[in-house]
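These are the residues of each chain, in order.
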Amino acid sequence: MARTEALKALQKTLTARRNELRKRLNGELANLSGAANASGDAADAAFDNIGEEINSQLAEMEAKELAQINNALLKIKQGNYGVCDACGCKIPVARLTALPYSTLCIKCQRESENDSSFLTDHGILGWEGVRDYDSDREVRLSDLEAGFRD
Ligand SMILES: [Zn+2]
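These numbers were taken from a predicted model, which means no experiment stands behind them.

Asker: Lay out the overall build of the chain in plain terms, naming residues and giving numbers.
Answerer: When helices and strands are counted, the chain shows eight helices and zero strands. For the chain, the α and β elements follow one another from N to C terminus as α-α-α-α-α-α-α-α. In the chain, buried positions account for 33% of the 150 residues. Expressed as a percentage of contacts within the chain between residues at least 6 apart in sequence, the contacts between residues at least 24 apart total 58%. Of the accessible surface of the chain, which amounts to about 9,200 Å², a share of 51% is contributed by carbon and sulfur atoms.

Asker: Which residues make up the coordination of the zinc ion, and what values go with them?
Answerer: Each protein donor to the zinc ion is listed here as Cys-84 (SG), Cys-87 (SG), Cys-105 (SG) and Cys-108 (SG); together their distances run 2.3 Å. Between consecutive donor residues of the zinc ion, the sequence gaps follow C-x2-C-x17-C-x2-C. What makes Cys-84 buried here is its relative accessible area of 3%.

Asker: Explain the nonpolar core to me, and be specific about the residues and the numbers.
Answerer: In this structure, Leu-14, Tyr-81, Cys-84, Ala-86, Leu-96, Leu-104 and Cys-108 are the most contacted members of the largest nonpolar core, which totals 23 residues. Top element by residues in this core is helix α3 (residues 53-78). It accounts for seven residues. Not counting residues up to four positions away in its chain, the partners in contact with Leu-96 are Arg-3, Leu-7, Leu-10, Tyr-81, Gly-82, Ile-91 and Ser-102.

Asker: Could you give an account of the UniProt feature "domain: Zinc finger DksA/TraR C4-type" (unreviewed entry) in the chain, naming the residues involved and the relevant values?
Answerer: The feature "domain: Zinc finger DksA/TraR C4-type" (unreviewed entry), as given by UniProt, occupies residues 79-113 in the numbering adopted here. Here residues 79-113 runs as 40% helix and 0% strand, with 27 Å between its end C-alpha atoms.

Asker: Describe the pattern of salt bridges, with residues and values.
Answerer: Under the defined criterion, the tally for this structure stands at six salt bridges. One salt bridge in this structure joins Glu-65 and Arg-17, with 2.8 Å as the shortest N-O distance. One end of the pair, Glu-65, is in helix α3; the other, Arg-17, is in helix α1 (residues 3-33), and 48 residues separate them in sequence. Residue classification places Arg-17 among the partly exposed positions, given a relative accessible area of 26%. With a shortest N-O distance of 3.9 Å, Lys-107 and Glu-111 are connected by a salt bridge.

Asker: Any chance you could break down the UniProt feature "zinc finger region: dksA C4-type" (unreviewed entry) in the chain for me, citing the residues and the numbers?
Answerer: According to UniProt, the feature "zinc finger region: dksA C4-type" (unreviewed entry) maps to residues 84-108 in the numbering used here. Between the C-alpha atoms that bound residues 84-108 the distance is 8 Å, and the span itself is 36% helix and 0% strand.

Asker: Before we move on, could you go through the confidence of the model for the chain and cite the residues and values that matter?
Answerer: Overall, the prediction assigns the chain a mean pLDDT of 78, with 67% of residues at 70 or greater. In the model of the chain, helix α7 (residues 127-135) stands out as the element of lowest mean pLDDT, 42, in contrast to helix α5 (residues 106-114), which has the highest, 95. In the predicted structure, residues 128-139 sits below a pLDDT of 50 and forms 12 contacts with residues beyond four places in sequence or in another chain.

Asker: So what about the environment of Val-83? Which residues, and what values?
Answerer: Tracing the backbone through its elements, the reader meets Val-83 in the loop between α3 and α4 (93-98). Once the C-alpha coordinates of Val-83 and Thr-103 are considered, the two residues, 20 residues apart in sequence, prove to be 6.9 Å apart.

Asker: Please provide a residue-by-residue account of the side chain of Glu-65, values included.
Answerer: Overall, the relative accessible area of 16% leaves Glu-65 in the buried class. Within polar-contact distance, the side chain of Glu-65 engages the side chain of Arg-17 at 2.8 Å. Contacts of Glu-65, omitting those with residues within four sequence positions, involve Arg-17, Leu-21 and Tyr-101.

The rules we used
- Every chain is numbered on its own, with residues counted from 1 as its sequence reads.
- Local features in a predicted model are, by the rule used here, given only for residues with pLDDT of at least 70; side-chain atom pairs are given and counted only at 80 or more, and totals for whole chains, interfaces and linings are based on all residues.
- The basis for every side-chain value is the complete set of non-hydrogen atoms in the structure, without hydrogens or water.
- Each helix corresponds to a stretch of at least 4 residues labelled H or I by DSSP, and each strand to a stretch of at least 2 residues labelled E; elements are numbered beginning at the N terminus.
- Under the scheme applied here, a residue whose accessible area is under 20% of the maximum for its type counts as buried, over 50% as exposed, and between as partly exposed, the area being computed with a 1.4 Å probe on protein chains only.
- Every residue pair with non-hydrogen atoms within 4.5 Å of one another is taken to be in contact.
- Values of accessible area rely on a 1.4 Å probe in the Shrake-Rupley scheme; residue burial ignores everything except the protein chains shown.
- The donor definition counts N, O and S atoms within 2.8 Å of each metal and applies 3.2 Å to Na, K and Ca; water is not among these atoms, so some sites may look incomplete.
- In these notes, a set of buried Ala, Val, Leu, Ile, Met, Phe, Trp, Tyr and Cys residues joined through side-chain atoms within 4.5 Å is what counts as a nonpolar core.
- UniProt positions are given in the numbering used here, feature names are shortened, and annotations may be inferred rather than shown by experiment.
- Between Lys or Arg on one side and Asp or Glu on the other, a salt bridge is scored when a side-chain nitrogen of the former is within 4 Å of a carboxyl oxygen of the latter.
- As a per-residue measure, pLDDT tells how confident the predictor is, with possible values from 0 to 100.
- Polar contacts, as counted here, are pairs of nitrogen or oxygen atoms within 3.5 Å of one another; within protein the pair requires one atom able to donate a hydrogen and one able to accept it, and residues that are adjacent in sequence qualify only if both atoms are side-chain atoms.

Printed below as a string of C-alpha cells:
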C-alpha cells in the first residue's frame, strides 16, 4: 500500500477514535460533575472536583489521548504527519500503524528514552511537560475541544 493510502487509512482510524473518546469523555465528565446534561461547563466543574480523583484521572488520560489524536490529525492536515519531530525523517508506515500518535522515529524514540534531555534539546515538549502543564490547569477540556471544531 502506498504511503499516502496508508496515511489516509490512519486518518480514518484516528478520526473514529477521536469521536469515540469525545463521546465517552462527555459522558464521564457529566457523571463527575453530577450534572444530567453534558455541557461545556461540565469539563470545568469536573476538574475542580478533587474528590473524584480516580474518575478524573481516567478522564484525564482520555483527554490526553484525545490531545494526541488531535495533534496527529492536525499534522495530517498540515501535511507533516509521519515526520519525526526530532530528526525530520519519515517515520515508517509500519510504526505509524502500530502507534498512530508517534511523533518520533524509532531511533529518536530510543534516544529520548536513554537521554532525558533529548526532547528538550530538540525543542520538543515531552508528555512529562504536558502533564505539568495539565496540573496547572492551563489546558482544559474546553480548550482542547475548541481545537477540534472543523
Ligand atoms: Zn528521528
